[in-house]
Amino acid sequence: MVAQLDFEQLVQAFGDGVIVCDAAGTIVFWNDAATRIFGFTQEDALGQSLDLIVPQRQQERHWDGYHKTMATGETRYGTDLLRVPALHKEGKPLSIAFTVALLHGPDGKVSGIAAVVRDDTARWNDERALKARVRELETALR
């Protein structure tokens, strides 16, 4: 049994990205897997807004949901997987899947959010190709 858990060692060992943001959406933690997924180093990401990885066309929707979650302290993505588009440092589009955990301050108010993120791009591309093939076959049968 581990006498004391080393948080940094634990989240750096994950194959999934771990990103922690404060209530304003500023990145305060970024693990090595997040660097692998998004291309941004820890130095690139820390202190930056989540706009770093949120495509511009998704930003308004993202921030509406983020601010609502911070205000209400409620999210369904603690247990439900959310799949959304994201951006790599090189500008290439990604599809990511993630869950979140709300972090609370001593006063009980939401003080931030932690996300466990996985690159879902290959699955998304495979699903898109499969749907296109099904449409093609359905059209051929008509």
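Look above for the structure.
Since the model is a prediction, treat every value here as computed from it, not as a measurement.

Scoring rules and cut-offs
Numbering of residues starts from 1 in each chain and follows the order in which that chain's sequence is written. Residues qualify for local features only when their pLDDT is at least 70, as the model is predicted, and side-chain atom pairs are given and counted only at 80 or more; totals for whole chains, interfaces and linings, by contrast, use all residues. The side-chain figures draw on all heavy atoms in the structure; neither hydrogens nor water molecules are used. The salt bridge criterion pairs a side-chain nitrogen of Lys or Arg with a carboxyl oxygen of Asp or Glu, the two atoms within 4 Å. Secondary structure follows DSSP: runs of H or I at least 4 residues long count as helices, runs of E at least 2 residues long count as strands, and numbering of each begins at the N terminus. Partly exposed residues are those whose accessible area sits between 20% and 50% of the maximum for their type, while under 20% is buried and over 50% is exposed, using a 1.4 Å probe and protein chains only. Strands qualify as paired when DSSP identifies two bridges or more between them. Any two residues whose heavy atoms approach within 4.5 Å are treated as being in contact. Under this definition, polar contacts are N or O atom pairs within 3.5 Å; protein pairs additionally need one hydrogen-donor-capable and one acceptor-capable atom, and for neighbouring residues in sequence, both atoms have to be side-chain atoms.

A. Just the pattern of salt bridges, in detail. Summed over all chains, the structure comprises four salt bridges. Between Lys89 and Asp44 there is a salt bridge, and its shortest N-O distance comes to 3.1 Å. Taken together, the positions of Lys89 in the loop between β3 (82-87) and β4 (93-104) and Asp44 in helix α3 (residues 42-45) put the pair 45 residues apart, joining distant regions of the chain. Overall, Asp44 belongs to the partly exposed group, its relative accessible area being 28%. Of the charged contacts, one joins Asp120 and Arg83 as a salt bridge, the two residues approaching to 2.8 Å between their closest N and O atoms. With Asp120 in the loop between β5 (110-119) and α5 (121-141) and Arg83 in strand β3, this pair connects stretches of sequence that are 37 residues apart. When its relative accessible area of 45% is taken as the criterion, Arg83 is described as partly exposed.

B. The arrangement of the pairing of β4 in detail. Note: β3 against β4, six bridges, orientation antiparallel. Looking across to β4, one finds that Ala86 is bridged to Leu94. Once β3 ends, the chain turns through five residues before running back antiparallel as β4, passing Gly91 with a positive phi of about 90 degrees. Where β4 lies against β5, nine bridges are found, and the strand directions are antiparallel. Within the sheet, the bridge partner assigned to Phe98 lies in β5 and is Val117. Linking β4 to β5, which pair antiparallel, is a turn of five residues; within it Gly108 sits at a positive phi near 90 degrees.

C. Up close: the environment of Ser49. Note on placement: Ser49 falls in the loop between α3 and α4 (56-72). Counting along the chain gives 28 residues from Ser49 to Cys21, while the straight-line C-alpha distance between them is 8.5 Å. Non-local contacts of Ser49, meaning those with residues more than four positions away in its chain, are made with Gly25, Ile27 and Trp63. Of the polar contacts made by the side chain of Ser49, one reaches the backbone nitrogen of Asp51; its length is 3.0 Å.

Take it as geometry only, folks, not as evidence of what the structure does.
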